[in-house]
Structures are given as C-alpha cells and as structure tokens.
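The chain contents come next:
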Amino acid sequence: MKKEIKIFSPATVANVACGFDVLGFCLDNKGDEMVIRKVSEKGIRITHIEGYDLPYEANKNVAGVSALSMYENINPDCGFEIEIYKNIKPGSGIGSSAASAVGSVFGMNELLGKPYNKTQLTYFAMKGEALSSKSEHADNLAPAIFGGFTLVKSTLPLDILQIPKPSELYATLIHPQIEIKTSDAREILPKQVSLKDATAQWANVGSLIHALHTSDYKLIHRSLQDIIVEPFRKQLIPHFDDVKFAALEAGALGCAISGSGPSIFALSQGKETALKVENAMQMVYSKTNIEFNTFVSDINIKGIKILKS
Ligand code: ADP
C-alpha cells in the first residue's frame with residue numbers, strides 16, 4: 001500500500017453572492033500543496049510548513065484538527081505526518097483554512113485505501129474549519145472536495161449537492177492585502193433579517209441554481225445579488241463599491257465578496273471578459289495605497305487532486 005501522497009488542495013469561493021453559508025465554487029489555478037505520509041509511530045504530526053507562519057501543534061492547525069477527527073474515528077494502527085506548502089494566504093477569503101482542513105483528510109483517506117466517501121471527508125474537515133471560523137460550516141470545504149459548484153443543503157446531517165458548471169464561466173479575483181478574520185466578519189452580521197429580504201434572497205438562490213443548470217448567463221447576472229450580508233460586510237473592504245461597479249461595467253455577470261472577504265470575486269461569460277474585469281478591478285485598487293493581487297481562474301470541476309503517489 002502507498003506510504004506517501006502529494007496533493008493539490010484548491011482555493012474556493014464561498015457564499016457566491018446570494019448563498020450565504022451554503023453555496024461555493026472551486027478555483028483552478030490557486031491552491032496549497034500538501035504531503036501526507038503514513039508512519040509507524042501513532043498520532044498526527046505536522047512536520048513542515050512553508051509559505052505562511054502557522055502553528056505546528058496539530059490541535060491548533062486546521063489541517064491537524066481535521067486529521068485528528070478522522071484519526072480518532074478510524075483508530076488506525078499507524079500515524080501520519082503532514083507537510084503544508086501554503087500558497088493561499090490565511091484570512092484572504094478564498095478558503096485558506098478549508099484547503100488545509102480538506103487536504104489532510106483527503107490524503108489520509110487515500111493512504112488508508114479510501115474507507116470514507118466525499119461527504120464523510122467533508123464532515124471531518126468541518127471539525128478543522130471550526131477552529132478558524134468558530135462555527136462548523138462546509139461552504140468552502142464542499143467545493144474543495146467535490147469540485148465545481150456545490151450547495152450545502154444541510155450540515156446536520158451533512159447533505160451536499162453538486163451543481164453543474166456552465167462551460168463558459170470564468171472567475172476573476174482581487175485580493176486587497178488587508179486581513180479580515182472570519183470570526184470578525186461573522187460578528188458584524190445582523191442577528192435577524194426581514195421576511196421581505198429573506199424572500200428576495202432565496203428567490204436569487206433558487207434562480208442562480210436554475211441558471212447554472214441551464215447555462216443561462218443572463219439569469220446568472222440577475223441572480224448574483226446579495227441583499228442580506230453584503231451591505232454589512234462591504235464596510236470592512238475599502239473601495240468595494242468601486243470595484244463592483246468597475247467589474248460590472250467591464251461586463252461581469254456579477255461581483256460580490258468572496259467568503260468573508262477581503263477578496264472580491266466576479267463571474268464572467270468567457271475568459272476574455274474575465275480578463276477585462278481583472279483589468280478594471282486593478283484600475284480601482286492601483287489608485288489606492290493598498291497592495292493587492294488579482295487572478296483569473298477557470299472553475300475547477302475536479303476539486304482536490306493527487307499530484308504524486
Ligand atoms: P480563510 O477564509 O482564508 O480560510 P480564515 O479566517 O477562515 O481565512 O482562516 C484563517 C485563520 O485560521 C488564521 O487565523 C490562521 O492562523 C488559522 N489557521 C490555522 N491553521 C491554518 C491552516 N492550516 N491554514 C490556514 N489558516 C489556518
């Protein structure tokens with residue numbers, strides 16, 4: 001049986017405008033690499049971290065917490081070492097913690113001969129994700145594990161739906177280099193919403209799902225609206241309104257906060273438009289003194305993958 005595996009664990013966009021805590025999609029060209037190794041000494045050890053300064057203690061690192069949750073469930077006659085090569089900046093809003101939480105359990109599952117299915121892996125990863133966001137949610141985890149667009153229908157019991165991806169859909173991301181903690185971004189949210197707002201929001205979620213199934217780009221445009229969370233969270237992101245306006249002017253189908261921010265994403269029909277949207281977003285931030293980076297990505301329909309085993 002295999003002793004070591006190297007994997008690519010992708011970045012993801014959660015919420016997707018109207019689908020707070022339930023919708024997400026997987027990015028293609030941004031992600032962490034991880035090596036998971038089966039060893040005779042029992043337990044979970046994080047032996048190497050590169051890219052960003054993160055805790056080595058298994059119970060303080062999301063990769064370790066999700067790994068421990070699965071390890072305790074299966075109680076194998078071996079241990080695991082985890083190496084993390086981080087490309088996704090923690091706290092950037094594109095699922096940095098989710099990529100780590102998913103990577104360790106996916107790798108261990110492969111080395112153990114795949115005793116668990118993707119939904120069960122998401123369950124263990126949720127335990128890790130809870131360490132950084134202080135709540136168990138799977139909107140970044142599900143697209144990282146399943147790929148494409150996912151809808152977390154419920155977390156108890158965990159019920160994940162895979163939604164088709166229209167072939168011409170591309171994402172554009174801008175990451176202003178400021179940090180917003182997921183826990184802070186959750187605290188700013190209202191405790192209650194009006195029935196009128198809730199009705200408008202679930203109409204948008206329903207129509208977005210229909211639009212993704214039917215590749216109806218005009219309907220995607222009409223559905224990518226968040227009237228509940230964005231008005232609060234955008235206050236944490238400088239120049240959010242300007243970026244959104246510029247992205248839509250450049251032809252984006254929609255533009256909203258990625259996860260809990262500060263990254264902002266746009267979806268476009270065709271790569272050419274996605275690149276124009278990237279340029280428009282850059283123009284806004286280049287007039288400020290905030291550092292930023294941008295990229296355009298295909299939607300990754302495979303999700304997490306093995307690089308070497
Ligand atoms: P993101 O949405 O980018 O995942 P979060 O705020 O949810 O950002 O998570 C980042 C927080 O989780 C940081 O405080 C970071 O120190 C902590 N953390 C612990 N382990 C990891 C890990 N392996 N990868 C990323 N963040 C981690």
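Residues numbered from 1 in each chain as written. Predicted model: local features only at pLDDT ≥ 70, side-chain atom pairs only at ≥ 80, totals over all residues. Heavy atoms only, no water.

K.L.:
What should I look at first to understand the sheet that holds strand S8 (residues 254–257) in this one?
P.N.:
Note: strands within a sheet are paired through backbone hydrogen bonds, in either parallel or antiparallel orientation. One open sheet accounts for 4 strands, arranged S8-S9-S7-S10; its pairing is antiparallel. At either margin of the open sheet sits one strand with a lone partner, and together these are S8 and strand S10 (292–298). This sheet shows a mean twist of 20° between the axes of neighbouring strands, independent of strand direction. Note that strand S7 (residues 169–176) and S10 share 7 bridges and pair antiparallel. Bridge assignment links Leu173 to a residue of S10, and that residue is Phe295. In the packing of helix H9 (residues 240–249) onto the sheet, the strands contacted are S7, S8 and strand S9 (264–269), and the crossing angle to S8 comes to about 160°. (Pairing = 2+ DSSP bridges. Helix = DSSP H or I, 4+ residues; strand = E, 2+ residues; numbered from the N terminus. Axes fitted to C-alpha atoms, helices over the stretch in contact; angles between N-to-C directions. Contact = heavy atoms within 4.5 Å.)

K.L.:
Looking at this model, I keep getting lost on the nonpolar core. Mind explaining?
P.N.:
A general tendency of soluble globular proteins is for nonpolar side chains to be buried together. Grouped together as the largest cluster of nonpolar side chains are 39 residues, with contacts concentrated most on Ile36, Ile44, Met70, Phe80, Ile82, Met108 and Leu141. It is helix H2 (residues 96–111) that provides the largest number of residues to this core, a total of 7 residues. Ignoring sequence-local partners within four residues, the contact set of Ile82 consists of Met34, Val35, Ile36, Ile44, Arg45, Ile46, Thr47, His48, Ala63, Ala67 and Ser104. Listed in part, the 32 residues of the second largest apolar core include Ala171, Leu173, Leu253 and Phe295. (Core = buried A, V, L, I, M, F, W, Y, C linked by side-chain atoms within 4.5 Å. Buried < 20%, exposed > 50% of the residue type's maximum accessible area, 1.4 Å probe, protein only.)

K.L.:
Would you mind showing me how to read the pattern of salt bridges here?
P.N.:
Any two side chains of opposite charge can pair, given that their charged atoms come close. Using the criterion set out here, one finds 13 salt bridges in the structure. Close ionic contact of Arg37 with Glu4 constitutes a salt bridge, the shortest N to O distance being 2.8 Å. Here the residue Arg37 occupies a position in strand S2 (residues 23–39), and Glu4 occupies one in strand S1 (residues 4–14), the gap between them amounting to 33 residues. Accessibility expressed as a relative area gives 39% for Glu4, which makes it partly exposed. (Salt bridge = Lys/Arg side-chain N within 4 Å of Asp/Glu carboxyl O.)

K.L.:
Would you take a moment to explain the packing of helix H1 (residues 62–74) against H2 for this structure?
P.N.:
Think of two packed helices as two axes; the pair is described by the angle between the axes and how far apart they sit. Where H1 contacts H2, the axes come no closer than 7 Å and their chain directions differ by 35°. For H1 against H2, the interelement crossing comes out right-handed. Judged by residue contacts, Val62, Ala63, Ser66, Ala67, Met70 and Tyr71 of H1 engage Ser97, Ser100, Ala101, Ser104, Val105, Met108 and Asn109 from H2. For the contact of H1 with H2, the class distribution of residues is 8 nonpolar, 5 polar and no charged. (Left-handed = near helix turned anticlockwise from the far one by under 90°. Nonpolar A, V, L, I, M, F, W, Y, C, P; charged D, E, K, R; others polar.)

Geometric values such as these leave the question of function open.
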